[in-house]
Amino acid sequence: MTSEDLGLFGPDSVSWRVHEEPILFVGGLRSLYLQALHPLAVAAVVQNSDYKADPWGRLVRTSQYVGTTIYGTTAQAEAAGRRVRALHARLRATDPRTGAEFRVDEPDLLRWVHVAEVESFVSTARRAGVRLTAAEVDAYYTEQRRVAALVGLDPATVPGTAAEVAEYYERVRPELGMSKAAAETFFFLSHPPLPWRLGLTPVRLAYMGIAATAFSLLPPWARRMYGALGLPLADVSAGVSVRGLRLLVATLPKRYRTGPIYKQAMERAARRAVDSVPG
């Protein structure tokens, strides 16, 4: 009997397969554009976050959290969830439309952030060329309910299939739209300050291309809310771009494409596989 803990998912899960793709960094950026269309969600971020002062630090912390929930041990994932719940429980924000105060950890807001994130991850993976069947996409959404539970959501209230996600978007779309905070977030995400004095180098152009791709991967209705065209041609162009990016990233040595949390998970999985061999 092995004592290796493979966390919330494990090597047979769709979640491990999807999140081992480095191209998901584009999906993460796409999710931020999408999340900003919810007036209360974006107000909560703007009023409580230092993302403008420390955008790359926030990005690293978010990436570490996602990596921990996917590839960490059960204890690590649960501890990460407790930290997030404790942080959210202290935060309040003001509705810019009504002046009413609201809690950042309201279930409707947590659900929006969760769905926008996981849908962005799996949609970007598929558009980038990761082969996932419809059943595997549904399995991914169902698995990700475990991550939703970490932040305090009742998994039964979280969409668990592609059809349920589509129905959720239809239901929530009347609440979404362009706001001053959304516009500011859009411009910041599209042109953030770059670290290490890279702002006047070709890295700036590369980032702008990545940001444009992430934005173009949004659903047509979301692009229209930002005032952009939701034409099929934009979808085709975004698909070509993200596939090219995935191929480009794949040329990098794997040690540059994977972090310590992923590597530790692979080591635990390998030990468990050895321990499970009879004899």
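Each remark here, short or long, concerns the structure printed above.
Only a predicted model underlies this, so the values are computations on that prediction, with no experimental measurement involved.

J.: When you look at the overall build of the protein in this model, what are you seeing that I'm missing?
T.: Scanning the protein for helices and strands turns up 15 helices and 2 strands. What you see for the protein is a C-alpha radius of gyration of 19 Å, in line with the 19 Å of a compact globule of 279 residues. Along the first, second and third principal axes, the C-alpha set of the protein runs to 65 × 40 × 40 Å. Expressed as a percentage of its 279 residues, the buried residues of the protein come to 46%. Intrachain contacts of the protein at a sequence separation of at least 6 include 71% that bridge at least 24 residues. By element, 60% of the accessible surface of the protein is carried by carbon and sulfur atoms, the whole surface being about 14,500 Å². Each charge class in the protein can be summarised by its mean position, and for the 34 positive and 27 negative side chains these summaries are 6 Å apart.

J.: How should the packing of helix α4 (residues 55–71) against helix α15 (residues 260–275) be read in this particular structure?
T.: Helix packing for two helices is described by the angle between their axes and how far apart those axes are. For the pair α4 and α15, interaxial distance at closest approach is 9 Å and the crossing angle is 10°. Overall, the two elements α4 and α15 adopt an arrangement that is roughly parallel. Along the contact surface, α4 presents Q64, G67, T68 and Y71, while α15 presents I261, Y262, A265, M266 and R268. When the residues that make up the contact of α4 with α15 are grouped by side-chain class, the tally is 5 nonpolar, 3 polar and 1 charged.

J.: Would you mind showing me how to read the side chain of R268 here?
T.: Among the structural elements, R268 can be located in helix α15. Buried within the structure, R268 lacks any salt-bridge partner; E4 is the closest side chain of opposite charge, at an N-O distance of 4.8 Å.

J.: What exactly am I supposed to notice about a nonpolar patch on the surface here?
T.: On the surface, L233, V236 and V240 cluster together to form a nonpolar patch covering roughly 320 Å² of accessible area. Assessed through its relative accessible area of 57%, V240 is described here as exposed.

J.: Which parts of the structure should I look at to understand the pattern of salt bridges?
T.: Under the counting rule described, the total for this entry stands at 11 salt bridges. The salt bridge partner of E170 is R173, with a shortest N-O separation of 3.1 Å. Note on E170: relative accessible area 52%, which makes it exposed.

J.: Please explain the packing of aromatic side chains as it appears in this structure.
T.: Each aromatic ring pair is characterised by the separation of its centres together with the angle its planes make. The tally for this structure, following the rule as stated, stands at 13 aromatic pairs. For the ring pair W16 and Y71, a centre distance of 5.3 Å and an interplane angle of 50° mean the geometry is tilted. Of the two residues, W16 is situated in helix α1 (residues 14–19) and Y71 in helix α4; the sequence distance between them amounts to 55 residues. Members of the aromatic cluster, each reached through a chain of ring pairs, are Y33, F186, F187, F215 and Y226.

The rules behind each value
- Residues numbered from 1 in each chain as written.
- Predicted model: local features only at pLDDT ≥ 70, side-chain atom pairs only at ≥ 80, totals over all residues.
- Heavy atoms only, no water.
- Helix = DSSP H or I, 4+ residues; strand = E, 2+ residues; numbered from the N terminus.
- Rg over C-alpha atoms; globule rule 2.2 N^0.38 Å.
- Buried < 20%, exposed > 50% of the residue type's maximum accessible area, 1.4 Å probe, protein only.
- Contact = heavy atoms within 4.5 Å.
- Areas by Shrake-Rupley, 256 points an atom, 1.4 Å probe, with all protein chains shown as cover.
- Lys, Arg positive; Asp, Glu negative; His and termini not counted.
- Charge placed at Lys NZ, Arg CZ, Asp CG, Glu CD.
- Axes fitted to C-alpha atoms, helices over the stretch in contact; angles between N-to-C directions.
- Parallel < 35°, antiparallel > 145°, perpendicular 65-115°, else oblique.
- Nonpolar A, V, L, I, M, F, W, Y, C, P; charged D, E, K, R; others polar.
- Salt bridge = Lys/Arg side-chain N within 4 Å of Asp/Glu carboxyl O.
- Patch = residues over 30% accessible without salt bridge, like charges linked within 9 Å, V, L, I, M, F, W, Y side chains within 5 Å.
- Phe/Tyr/Trp six-rings, centres within 6.5 Å; stacked < 30°, edge-to-face > 60°.

These figures capture arrangement, not role.
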